[in-house]
Amino acid sequence: MCQMRNATPGNASCANGHHLYPVDARLATVTSASNSANSASPTVRRRRIARELRALRERANMTLEQAASELDMSKSNLSRIENGQIGIKPRDVRAALALYGLTGDAAETLIEVARGAQLRGWWHGYSDVLPDWFEFYVGLEADAATVRTYEPETVPGLLQQEDYARAIYHITAGGGEIERKVSARMQRQELLYRQPAVE
């Protein structure tokens with residue numbers, strides 16, 4: 001589960017990526033639909049690999065230093081991989097799994113997850129109009145089973161019609177790249193029509 005809050009007087013941003021004022025509070029919560037290799041979101045896949053590698057290392061009673069040395073990488077790099085801050089190549093996942101004693105179908109499943117984590121989500125095509133933190137949020141949202149949002153002053157982004165979203169951006173974005181931002185917002189809404197639909 002991922003929660004994001006960012007609200008200060010005169011400079012509040014919500015989880016839908018727009019700024020409004022004045023705002024007392026914003027809250028968005030996303031619950032992932034799946035931890036399986038079938039997850040559609042590279043963001044979710046990367047987080048799963050991170051969690052599994054850390055758990056396997058700890059189960060093998062290895063410290064970060066020991067594992068990093070055996071895998072021929074720096075301790076800081078392995079730490080960032082285990083925290084989901086950076087990705088890891090499938091061949092390095094295979095080496096880590098062998099080091100931690102995981103083989104067979106379970107290992108192959110995780111290697112397949114790692115391959116999927118290297119793909120780019122649709123939101124990467126909007127990196128010019130989506131801030132980095134929001135790209136991460138959209139990556140989680142894309143695989144969500146449940147989305148909860150509290151926005152007392154506007155319609156939530158996932159429920160906004162195109163004209164409404166455009167009007168919001170005219171107020172909050174100052175006219176810059178409005179059509180690209182509206183397009184990204186409409187793309188996010190595709191998850192409302194998939195099967196199973198997000199709740």
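Quick summary incoming for the structure in this document. This one's a predicted model, so the numbers in the text were calculated from it and none came from an experiment. (Residues numbered from 1 in each chain as written. Predicted model: local features only at pLDDT ≥ 70, side-chain atom pairs only at ≥ 80, totals over all residues. Heavy atoms only, no water.)

### Remarks on unusual backbone geometry
Item 1. A positive phi angle, near 55°, is found at N61, a position not held by glycine.
Item 2. Among the secondary structure elements, N61 is positioned in the loop between α1 (42-59) and α2 (64-70).
Item 3. Of the residues examined, N61 reaches a relative accessible area of 68% and is grouped as exposed.
Item 4. Despite not being glycine, D72 shows a phi value in the positive range, around 60°.
Item 5. Tracing the sequence through the fold places D72 in the loop between α2 and α3 (75-82).
Item 6. Given a relative accessible area of 73%, D72 falls into the exposed group. (Helix = DSSP H or I, 4+ residues; strand = E, 2+ residues; numbered from the N terminus. Buried < 20%, exposed > 50% of the residue type's maximum accessible area, 1.4 Å probe, protein only.)

### Some thoughts on the pattern of salt bridges
Item 1. Within the structure shown, the criterion is met by 11 salt bridges.
Item 2. For D128, the salt bridge is made with R180, and the minimal N-O distance between the two is 2.7 Å. Residue D128 is found in the loop between α5 (104-117) and α6 (132-141), and its partner R180 is found in helix α8 (residues 178-188); the two are separated by 52 residues along the sequence.
Item 3. The exposure class assigned to R180 is partly exposed, which follows from its relative accessible area of 30%.
Item 4. Here E162 and R166 are joined by a salt bridge, their closest N and O atoms 2.9 Å apart. Remark: R166 and E162 occur in helix α7 (residues 162-172); sequence separation between them is 4 residues, near one turn of the helix. (Salt bridge = Lys/Arg side-chain N within 4 Å of Asp/Glu carboxyl O.)

### So, the nonpolar core
Item 1. Core analysis: the biggest nonpolar cluster contains 21 residues, and I49, L53, L78, V93, L97 and Y100 have the highest contact counts within it.
Item 2. Of all elements in the fold, only α1, α2, α3, α4 (90-100) and α5 reach the threshold of two or more residues within this core.
Item 3. For this core, the leading source of residues is α5, giving 5 residues.
Item 4. Sequence-distant contacts of V93, defined by excluding residues within four places in its chain, comprise I49, I88, L110, I111 and A114.
Item 5. Residues V138, A184, L191 and V198 belong to the second largest nonpolar core, which totals 13 residues. (Core = buried A, V, L, I, M, F, W, Y, C linked by side-chain atoms within 4.5 Å. Contact = heavy atoms within 4.5 Å.)

### Quick notes on a nonpolar patch on the surface
Item 1. A cluster of nonpolar side chains, contributed by V155, L159 and Y164, occupies part of the molecular surface with about 250 Å² of accessible area.
Item 2. For L159, the position within the fold is in the loop between β5 (144-150) and α7. (Patch = residues over 30% accessible without salt bridge, like charges linked within 9 Å, V, L, I, M, F, W, Y side chains within 5 Å. Areas by Shrake-Rupley, 256 points an atom, 1.4 Å probe, with all protein chains shown as cover.)

### Observations concerning α7
Item 1. Every buried residue belonging to α7 is among A165, R166, I168, Y169 and T172, and all of these are buried. The buried side chains of α7 occupy one side of the element, clustering within an arc of 160° when seen end-on. Set apart from the buried face of α7 by more than 90 degrees, the exposed residues are D163, H170 and I171. (Arc of directions from axis to C-beta.)

### Section: the environment of R54
Item 1. With respect to the element layout, R54 can be found in helix α1.
Item 2. Through-space distance from the C-alpha of R54 to that of N83 is 8.4 Å; in sequence the pair is 29 residues apart.

### Examining the side chain of T154
Item 1. The residue T154 is located in the loop between β5 and α7 in this model.
Item 2. Among the polar contacts made by the side chain of T154, one reaches the side chain of E151 at a distance of 3.2 Å. (Polar contact = N/O pair within 3.5 Å; in protein donor to acceptor, adjacent residues only side chain to side chain.)

### Some thoughts on α6
Item 1. Counting buried positions along α6 gives 7 out of 10 residues, so the element sits mostly inside the fold.
Item 2. When α6 is considered as a whole, its buried residues turn out to be F134, E135, Y137, V138, G139, L140 and E141.

### Quick look at the packing of α7 against α8
To characterise two packed helices, one gives the angle between the axes of the helices and the distance between these axes.
Item 1. The geometry of α7 relative to α8 is characterised by a closest axis approach of 9 Å and an angle of 135° between their N-to-C directions. When the interaxial angle is binned, α7 and α8 end up oblique. Crossing of α7 over α8 shows right-handed handedness. For the pair formed by α7 and α8, the contact residues are E162, A165, R166, I168, Y169 and H170 on the first element and I178, E179, K181, V182, R185 and M186 on the second.
Item 2. The class makeup of the residues in the contact of α7 with α8 is 6 nonpolar, 1 polar and 5 charged. (Axes fitted to C-alpha atoms, helices over the stretch in contact; angles between N-to-C directions. Parallel < 35°, antiparallel > 145°, perpendicular 65-115°, else oblique. Left-handed = near helix turned anticlockwise from the far one by under 90°. Nonpolar A, V, L, I, M, F, W, Y, C, P; charged D, E, K, R; others polar.)

On their own, these measurements won't tell you what the molecule is for.
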